[in-house]
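Residue-level listing of the chains:
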Amino acid sequence: MIPTAAHIVVIEDEPVTRMALAGYLGSFGYRVTECAGAEAAELVLAQENPDLLIVDINLAGKDGLEITREQRARSEVGIILLSGRTDDVDRIVGLELGADDYVCKPFNRRELLARVKNLLRRTAAMRQFTRRVVHFAGYSFDTSARHLTDTAGQTIHLTRGEYEMLRAFVLNPGVVMDRDRLLATITHRQNGTNTRTVDVMVKRLRGKLGDDPKVPRIFGTSHGEGYVFTAPLS
Ligand code: CA
């Protein structure tokens, strides 16, 4: 079955290619959002949970590889790269960074459509197994809706950055996350944001979740490396 209501975000700075692609996919019933670059895409991704990203590698500003790296750090969204014929190395790097597939320009639209359908089938199957609400240390956390409650059912407010970081932690339990990786999970970084911001945010999360850094139950510190989510998940 084709998930016809699937939401596809096309990130491409060449308007003709972008609009043609959006029109073509739209004609098959997909919901398509067009973005001319990383900045526009980040706004969409902060609000929505698309099924698939089609990302041009060569973008002005933050390129498609950087977008792939950042998105893969925070979600399992399907990613197809668009690459120029001469981008061999970039294609390989893109796959290593977690892109699922790629097509070379000039591409055959039907080939792209076949890859889109194929990837949507795979991600839909995977999403069924992706747990949305996790429980740890008495807290319930909805990983897809920025909603955290404590044992008493009281909501704990999280900023978007805190939510994104907490989600990255619970999706990687027991894995030491270095500061760069944690920083990459935050989509809206302000000027001057650096890896020390990660320490500040972990401190805030610890404060909100009552996790004593001297005897951590949730966020362990791996000295010289980063942080690790240590609470058992259920
Ligand atoms: Ca381009």
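The coordinates are above.
As the structure is a prediction and not an experimental result, all values here were calculated from the model.

The rules we used
- Residues numbered from 1 in each chain as written.
- Predicted model: local features only at pLDDT ≥ 70, side-chain atom pairs only at ≥ 80, totals over all residues.
- Heavy atoms only, no water.
- Pairing = 2+ DSSP bridges.
- Helix = DSSP H or I, 4+ residues; strand = E, 2+ residues; numbered from the N terminus.
- Salt bridge = Lys/Arg side-chain N within 4 Å of Asp/Glu carboxyl O.
- Buried < 20%, exposed > 50% of the residue type's maximum accessible area, 1.4 Å probe, protein only.
- Core = buried A, V, L, I, M, F, W, Y, C linked by side-chain atoms within 4.5 Å.
- Contact = heavy atoms within 4.5 Å.

Topic: the pairing of strand β10 (residues 219-222)
Phase 1: Relative to strand β11 (residues 226-229), β10 is paired through four bridges, and the arrangement is antiparallel. Considered in β11, the bridge of Thr 221 is made with Tyr 227.
Phase 2: The hairpin formed by β10 and β11 contains three residues between the paired strands, and Gly 224 there has a positive phi angle of roughly 80 degrees.

Here's the deal with the pattern of salt bridges
Phase 1: This structure, assessed with the given rule, holds 16 salt bridges.
Phase 2: For Arg 115, the salt bridge is made with Asp 101, and the minimal N-O distance between the two is 2.9 Å. With Arg 115 in helix α5 (residues 109-129) and Asp 101 in strand β5 (residues 101-104), the pair connects residues that are 14 residues apart, well separated along the chain.
Phase 3: For Arg 115, a relative accessible area of 28% puts it in the partly exposed group.
Phase 4: Residue classification places Asp 101 among the buried positions, given a relative accessible area of 15%.

Description of the environment of Gly 37
Phase 1: With respect to the secondary-structure elements, Gly 37 resides in the loop between β2 (31-35) and α2 (38-47).
Phase 2: Its relative accessible area of 12% is what places Gly 37 among the buried residues.
Phase 3: Taking C-alpha positions, Gly 37 is 26 Å from Thr 143, a pair spaced 106 residues apart along the chain.

With respect to the nonpolar core
Phase 1: One finds Phe 136 and Leu 166 to be the most contacted residues of the largest nonpolar core, which totals 27 residues.
Phase 2: Elements with a contribution of two residues or more to this core: β6 (133-136), β7 (139-142), α6 (160-171), α7 (179-184), α8 (195-208) and β11.
Phase 3: Element by element, the count of residues in this core is highest for α6, at six residues.
Phase 4: Not counting residues up to four positions away in its chain, the partners in contact with Phe 136 are Phe 141, Leu 148, Leu 166, Val 170, Leu 209, Ile 218, Phe 229, Ala 231, Pro 232 and Leu 233.
Phase 5: With 18 residues, the next largest nonpolar core counts Val 10, Tyr 24, Val 103 and Leu 112 among its residues.

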